[in-house]
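Next come the chains, spelled out residue by residue.
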Amino acid sequence: MAENRSEHRSEHRSLLAVDMAGSSAPDRNDRAMARARDALFGALESAFDRSGVPWRECEVEVQGDGCVVRVPARFPKAALVHPLLGHLSDLLHEHNEFASASTRVRVRAVLHAGELAVDGRGMTGRPQVAVARLLDCAELRAALAGAPSAAVALAVSERFYEDVVEPGGLGITPDDFWFAEVGGAGSLTIAWLTVVGERGRGARGRADGARDAGAGARTGAGRVGRVEPVERKPSGGFTFNGATTFHGDAIVGDKHVWTDEKGRNR
């Protein structure tokens, strides 16, 4: 008897994941949590529909107090950044204006895209793993915590940034995003972060020289590299390490000896 196996194939999807902050707060009991979840999912559905990406045509996987939305490839990725996230932020602000402290909703969000494996049980694949990792990263949590008046903090994957955000236009401003390496040693992932509604914050965040939008140094195959400061010295001359003694006119021409801030020869 032939073994019956599910057909395996892959399909491209854009992924938007959201997770509610403060779910374990002491004043958020089960009733408050239910009201907050209703507000979040109502805002998500409205934000999608207002952005020309019908909620009913996406696949929604509820995960605790958040979800992953898998968006079919026929819908433009740019719409998920603008206007969708702006709509989501506005709708959550409207809810929060009249909500009690225990039912206010603030979320971390992640955008990514890639090929997902499809079988009889649904969809899976590395893009979903990457989304889960970014959604839980300390850097995204810190971005939301550092903007207490904001409703949405967003992380986008490097590929999503390069394909959708970096070109700009259509209401998308690369200067609103800043670079971050997330994860532990040996497993770093590159992401770009923003707080929805805080314009230009990314440009200020890049003041440390991590990377300028659209003109960053790259190492390897498309990987973003950090730009390290370079010590500038006058052209020509000699550099000496350790103690140096001159006997007579040992060097012809002009002599230049540089010293460091402690007066030592360089």
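The model shown is predicted, which means the values in this text are computed figures rather than measured ones. (Residues numbered from 1 in each chain as written. Predicted model: local features only at pLDDT ≥ 70, side-chain atom pairs only at ≥ 80, totals over all residues. Heavy atoms only, no water.)

Participant: Tell me what's going on with the pattern of salt bridges, and back it up with residues and numbers.
Facilitator: Within this structure, the stated rule accounts for ten salt bridges. For D136, the salt bridge identified is with R141, shortest N-O distance 2.5 Å. Its relative accessible area of 48% is what places D136 among the partly exposed residues. Residue R141 is classed as partly exposed on the basis of its relative accessible area, which comes to 39%. A salt bridge links D176 to R199; its shortest N-O distance comes to 2.9 Å. In this pair, D176 sits in the loop between α6 (158-165) and β7 (178-182) while R199 sits in the loop between β8 (189-195) and α7 (201-205), placing the two residues 23 residues apart along the sequence. (Salt bridge = Lys/Arg side-chain N within 4 Å of Asp/Glu carboxyl O. Buried < 20%, exposed > 50% of the residue type's maximum accessible area, 1.4 Å probe, protein only. Helix = DSSP H or I, 4+ residues; strand = E, 2+ residues; numbered from the N terminus.)

Participant: Pulling in residues and values, what's your account of helix α1 (residues 30-50)?
Facilitator: Over its 21 residues, α1 extends 30 Å from the first C-alpha to the last, a length consistent with the 30 Å expected when each residue adds 1.5 Å. Buried within α1 are the following residues: A32, M33, A36, A39, L40, F41, A43, L44, A47 and F48. Tucked into the core, α1 has its buried residues touching β1 (9-20), β2 (59-63), β3 (66-72), α2 (78-81), α3 (84-98) and β4 (107-119). (Expected span 1.5 Å × (residues − 1). Contact = heavy atoms within 4.5 Å.)

Participant: I'd like a rundown of the packing of aromatic side chains, residues and numbers included.
Facilitator: This structure, assessed with the given rule, holds four aromatic pairs. Arranged with centres 6.1 Å apart and planes meeting at 65 degrees, the rings of Y161 and F177 form a pair that is edge-to-face. Taken as a pair, Y161 in helix α6 and F177 in the loop between α6 and β7 lie far apart in primary sequence, 16 residues in all. Across the pair, F177 and Y161 agree in class, each one buried. Geometrically, the ring pair formed by F179 and W192 is edge-to-face, given 5.6 Å between the ring centres and 75 degrees between the ring planes. With F179 in strand β7 and W192 in strand β8, this pair connects stretches of sequence that are 13 residues apart. For the pair F179 and W192, a shared accessibility class is recorded, and that class is buried. (Phe/Tyr/Trp six-rings, centres within 6.5 Å; stacked < 30°, edge-to-face > 60°.)

Participant: Before we move on, could you go through helix α5 (residues 138-145) and cite the residues and values that matter?
Facilitator: Among the residues making up α5, those that are buried are L140, A143 and L144. Projection of α5 onto a plane perpendicular to its axis shows the buried side chains occupying an angular sector of 95 degrees, all on one side. The exposed set on the far side of α5, more than 90 degrees from its buried face, consists of A138 and A145. (Arc of directions from axis to C-beta.)

Participant: Let's hear about the layout of surface pockets: which residues, and what values?
Facilitator: Of the pockets and cavities examined, the largest pocket occupies roughly 440 Å³. Around the largest pocket, the lining comprises 20 residues; the ones closest to its centre are H112, A113, S157, E158 and R159. Counting residues per element, the ones that place at least two in the lining of the largest pocket are β4, α4 (126-135), α6 and β8. Take the lining of the largest pocket: its biggest share by element is six residues, from α6. Residues belonging to the lining of the largest pocket are distributed by class as follows: seven nonpolar, six polar and seven charged. Its boundaries defined by the atoms lining it, the second largest pocket holds a volume of some 280 Å³. Around the second largest pocket, the lining is made up of 18 residues, and of these V81, G171, D176, V196 and G197 lie nearest the centre. (1 Å grid on protein atoms, 1.4 Å probe; cavity = no way out; pocket = protein on both sides within 12 Å on 5 of 7 lines; lining within 4 Å. Points joined across faces, edges and corners; volume = space filled by probe spheres on them. Nonpolar A, V, L, I, M, F, W, Y, C, P; charged D, E, K, R; others polar.)

Participant: Tell me about the environment of F179, and please be specific about residues and values.
Facilitator: F179 gets classed as buried once you look at its relative accessible area, which sits at 8%. For the pair F179 and A155, spaced 24 residues apart in sequence, the C-alpha separation works out to 9.6 Å.

Participant: Outline unusual backbone geometry, supporting the account with residue identities and numerical values.
Facilitator: In this structure, the amide linkage connecting H82 to the following residue, P83, adopts the cis form with an omega of 15 degrees. Along the chain, P83 turns up in the loop between α2 and α3. Although it is not a glycine, L170 sits at a positive phi angle of roughly 55 degrees. Mapped onto the secondary structure, L170 falls in the loop between α6 and β7.

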